[in-house]
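Structural overview
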Amino acid sequence: MTHKETAQWVNNNLDNESATVLMMFVDYLYENNFTFDGEKFSYLEKDAGIIHIYARNDWWIYLIHEVFEHEKFPLNEDLTAFMQSQAKHNTWCGGNCENCKTPEEFLLFGKPFDNLCKSVRVTFGRFDTEKVKTIDPELCFTAERMTTALKIMDTCKRIIEYKNS
């Protein structure tokens, strides 16, 4: 999809505040040569994640965590803590996700977790806190949190570029 088509998809499916925050991410993708195909985004043909819109104020970015962790590109303490805070615990899906029903212990950015979804380890999102009561409302993405997430995306780019060189 083109940038314009993606922006239209976001703006048609989200309320203003949710669309504004997600568009920060979408704009970043296009400005930094990520490709966007339907919901999936990638960089240099390496999948990095998907964006899914569930409702007017409910969207999620599911990250492929392997492209965000590399020994040559360690995250600083603050960014590491931020990514650990975005771990997708098995409580998020409310029991509907088959991969959350049988969570496994996993080391994510150096921290062990014993209740992560097997298929999706890290997410960014904005959600209806009235409907989704199992997630700390502090994790709901604001423009400030998205700014931090975009720093993480810079690391993702460097890791993919390094692996492709």
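Scroll up for the structure.
Anyway, here's the lowdown on the structure attached to this text.

Further remarks concern the overall build of the protein. Broken down by element type, the protein carries five helices and seven strands. Counting from the amino terminus, the protein carries its helices and strands in the arrangement α-α-β-β-β-β-α-α-β-β-β-α. Classification of the 165 residues of the protein by burial places 47% in the buried group. Within the protein, contacts between residues separated by at least 24 positions form 59% of all contacts whose residues are at least 6 apart in sequence. Looking at the protein as shown, the accessible area adds up to about 8700 Å², and 47% of this sits on carbon and sulfur atoms.

Quick look at the pairing of strand E4 (residues 58-63) now. Of all six residues making up E4, six are buried, and the element is well covered by its neighbours. Covered by surrounding structure in E4 are Asp58, Trp60 and Tyr62 together with Trp59, Ile61 and Leu63, the residues of both alternating faces. Here strand E3 (residues 46-55) pairs with E4 via six bridges, running antiparallel. Directly across from alanine 55, in E4, lies its bridge partner aspartate 58. Hairpin remark: E3 followed by E4, antiparallel, with two residues in the connecting loop. Note: E4 against strand E7 (residues 122-126), five bridges, orientation antiparallel. The residue bridging tryptophan 60 from the neighbouring strand is glycine 125, located in E7.

With that settled, the discussion passes to the pairing of E7. Of all five residues in E7, five are buried, a share of seventy percent or more. Of the two faces of E7, both are covered, the one formed by Val122, Phe124 and Arg126 as well as the one formed by Thr123 and Gly125.

This part is about the pattern of salt bridges. In total, this model carries two salt bridges according to the counting rule given. Across the pair arginine 126 and glutamate 17 runs a salt bridge, and its minimum N-O distance is 2.7 Å. Of this pair, arginine 126 sits in strand E7 while glutamate 17 sits in helix H2 (residues 16-31), placing them 109 residues apart in sequence. Residue arginine 126 is classed as buried on the basis of its relative accessible area, which comes to 10%.

Glancing now at unusual backbone geometry. If a residue is not glycine, its phi is most likely negative; likewise, a peptide bond is most likely trans. The backbone of leucine 44 shows a phi angle near 50°, a positive value even though the residue is not glycine. Counting through the fold element by element, leucine 44 comes out in the loop between strand E2 (40-43) and E3. Positive phi, normally seen in glycine, also occurs at phenylalanine 109, with a value near 50°.

Quick look at helix H3 (residues 77-85) now. Two residues of an α-helix separated by three or four positions point the same way, owing to the 3.6 residues in each turn. Residues Leu79, Thr80, Phe82, Met83 and Gln84 constitute the buried set of H3. In the core, the buried residues of H3 are packed alongside E4, strand E5 (104-108), strand E6 (111-116), E7 and helix H5 (143-164). Sitting at the head of H3, asparagine 76 places a side-chain oxygen 3.0 Å from the backbone nitrogen of aspartate 78.

Our focus in this paragraph is the side chain of lysine 157. Within the secondary structure, lysine 157 sits in helix H5. In this structure lysine 157 is buried but unpaired, with glutamate 161 as the nearest side chain of opposite charge at 4.7 Å. Apart from the residues within four sequence positions on either side, lysine 157 is in contact with Tyr28, Asn32, Phe34 and Tyr43.

Cut-offs and rules
Residues numbered from 1 in each chain as written. Predicted model: local features only at pLDDT ≥ 70, side-chain atom pairs only at ≥ 80, totals over all residues. Heavy atoms only, no water. Helix = DSSP H or I, 4+ residues; strand = E, 2+ residues; numbered from the N terminus. Buried < 20%, exposed > 50% of the residue type's maximum accessible area, 1.4 Å probe, protein only. Contact = heavy atoms within 4.5 Å. Areas by Shrake-Rupley, 256 points an atom, 1.4 Å probe, with all protein chains shown as cover. Pairing = 2+ DSSP bridges. Salt bridge = Lys/Arg side-chain N within 4 Å of Asp/Glu carboxyl O. Polar contact = N/O pair within 3.5 Å; in protein donor to acceptor, adjacent residues only side chain to side chain. Lys, Arg positive; Asp, Glu negative; His and termini not counted.

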